[in-house]
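# Report on the structure
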Amino acid sequence: MLATSDALYLSAAIGSVAVIIGSLERLAAPRLLADGALAGWPVSATSIPLLTRRSFQGTAGRLLEYPRVLGLIAACLACAVHLLLHPSSALNALAATMIAATYILLSMRSRFGGDGADQMTIILFVSLALAFAIGQERAEVIVLWFITAQVCLAYFTAGVAKLVSPVWRSGAALPEILATRAYGHRPVAKILARHRTTAAAMCWSVILLECSFPLVLLGIGPLTYLLVISGALLHVSTAILMRLNTFLWAFLATYPAVIFCATT
């Protein structure tokens, strides 16, 4: 059984890996954020509703301009490294707040290209920032339960969305996804296209795992670890086949909270 503080700091450390990877990916291709690029701030700013656009004409707007946004990402990277290397630092609340604020601003800067990993990272670090700032065990327990509830909801809604989809139920979803250029792996896609029964079994295994993940809340030890291990293997496979690198670490970061809540 994990102690409250251990679960909290372990979630912060694993979540920091997701932030480090995401930040390095952005910094490795800085021109994608330039003003003339599709993800440039002059283009993205037009997607912000007119009533709230004025708030981005001040400090926030200047931070999101190129190349200042690269400095914002670099600062976020530094905070993630700090959290990873200093699990009990007094600056953890500030570091977690900086990470959460950066991801919120980046999500506003670009309304496309984001994914569930970014959303889970925001939820995770907003929660961690509150827990670190308050510094009381009761607050830490509440935060761990909140993170657990959020990840259970995320899995369940994703599973239900797949369950009602005839493409997923038929087993055609995975071969079609893996055949795409953005998230594809052509050799595996060709194999699954030839073996429809295997593809259907894989699709249904994902559906059943995601729909059943909230059963961790029952507190049955073997079931909890079975679901957690299965979830980890799912994310490892998507990281390898679909190159969803941050998904792996963003969702693994919630597992210490899940294990704490399921075994306490």
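With that settled, the discussion passes to the overall build of the protein. The number of helices and strands found in the protein is 15 helices and zero strands. Since a compact globule built from 264 residues should have a radius of gyration of about 18 Å, the 20 Å found for the protein is in line with a globular shape. Taking the principal axes of the C-alpha coordinates as reference, the protein spans close to 55 × 45 × 35 Å. Counting over 264 residues, the protein shows a buried share of 45%. For the protein, long-range pairs separated by at least 24 residues make up 71% of all intrachain contacts whose partners lie at least 6 apart in sequence. For the protein, the exposed surface amounts to about 13,300 Å²; the carbon and sulfur share of it is 69%. Taking the average location of the 17 positive side-chain charges in the protein and that of its 10 negative ones, the two points are 12 Å from each other.

What follows deals with the packing of helix H13 (residues 221–242) against helix H14 (residues 245–252). Following both chains from N to C, one finds H13 and H14 inclined at 160 degrees, their axes separated by 7 Å at the closest point. Here H13 lies roughly antiparallel to H14, going by the angle between them. With respect to the hand of their crossing, H13 and H14 are arranged in left-handed fashion. Only Asn 245, Phe 247, Leu 248, Phe 251 and Leu 252 of H14 make contact with H13, whose side of the interface consists of Ala 232, His 235, Val 236 and Ala 239. Looking at the contact of H13 with H14 residue by residue, the class counts come to seven nonpolar, two polar and no charged.

With that settled, consider the nonpolar core. Counting residues in each nonpolar core, the largest one holds 65 residues, and the members touching the most others are Ile 99, Phe 125, Leu 128, Phe 132 and Phe 213. Considering every element that reaches this core, the biggest residue donor is helix H7 (residues 116–134), with nine residues. In this structure, Phe 125 is in contact with Ala 12, Gly 15, Ser 16, Val 19, Leu 83, Ala 96, Ile 99 and Ala 100, ignoring residues within four places of it in sequence.

Of note, Thr 254 is situated in the loop between H14 and helix H15 (255–263). Apart from residues lying up to four places away in sequence, Thr 254 is in contact with Met 120, Ile 147 and Val 151.

Attention shifts here to the state of the cysteines. Scanning all chains against the criterion turns up zero disulfides. Of all cysteine sulfurs, the one in Cys 76 lies closest to Cys 79, which takes part in no disulfide; the gap is 6.6 Å. Residue classification places Cys 79 among the buried positions, given a relative accessible area of 16%. Here Cys 203 is not disulfide-linked; the sulfur of Cys 211 is the nearest cysteine sulfur, at 13 Å. Under the relative-accessibility criterion, Cys 203 is labelled buried at 0%.

Okay, the environment of Ser 23 next. Mapping Ser 23 onto the fold places it in helix H1 (residues 4–28). A relative accessible area of 2% means that Ser 23 is categorised as buried. Between the alpha carbons of Ser 23 and Leu 218 there is a distance of 36 Å; along the sequence they are 195 residues apart. Ser 23 has contacts with Ile 73, Cys 76 and Leu 77, leaving out every residue within four places of it along the chain. Within the local environment of Ser 23, its side chain forms a polar contact with the backbone oxygen of Val 19, the two atoms lying 2.8 Å apart.

Glancing now at the packing of aromatic side chains. One pass over the structure, following the stated rule, counts five aromatic pairs. Here the aromatic rings of Tyr 155 and Phe 213 are separated by 4.3 Å at their centres, their planes lie at 40 degrees, and the arrangement is tilted. Residue Tyr 155 is located in helix H8 (residues 137–163), and its partner Phe 213 is located in the loop between helix H12 (196–212) and H13; the two are separated by 58 residues in the primary sequence. Here the two residues Tyr 155 and Phe 213 agree in accessibility, since each one is buried. In this arrangement the basic side chain of Arg 26 is found over the ring face of Tyr 103, its NZ or CZ atom lying 5.4 Å from the centre.

Conventions adopted
- Residues numbered from 1 in each chain as written.
- Predicted model: local features only at pLDDT ≥ 70, side-chain atom pairs only at ≥ 80, totals over all residues.
- Heavy atoms only, no water.
- Helix = DSSP H or I, 4+ residues; strand = E, 2+ residues; numbered from the N terminus.
- Rg over C-alpha atoms; globule rule 2.2 N^0.38 Å.
- Buried < 20%, exposed > 50% of the residue type's maximum accessible area, 1.4 Å probe, protein only.
- Contact = heavy atoms within 4.5 Å.
- Areas by Shrake-Rupley, 256 points an atom, 1.4 Å probe, with all protein chains shown as cover.
- Lys, Arg positive; Asp, Glu negative; His and termini not counted.
- Charge placed at Lys NZ, Arg CZ, Asp CG, Glu CD.
- Axes fitted to C-alpha atoms, helices over the stretch in contact; angles between N-to-C directions.
- Parallel < 35°, antiparallel > 145°, perpendicular 65-115°, else oblique.
- Left-handed = near helix turned anticlockwise from the far one by under 90°.
- Nonpolar A, V, L, I, M, F, W, Y, C, P; charged D, E, K, R; others polar.
- Core = buried A, V, L, I, M, F, W, Y, C linked by side-chain atoms within 4.5 Å.
- Disulfide = S-S within 2.5 Å.
- Polar contact = N/O pair within 3.5 Å; in protein donor to acceptor, adjacent residues only side chain to side chain.
- Phe/Tyr/Trp six-rings, centres within 6.5 Å; stacked < 30°, edge-to-face > 60°.
- Lys NZ or Arg CZ within 6 Å of the ring centre and 35° of its normal.

The analysis is restricted to geometry; functional conclusions fall outside its scope.
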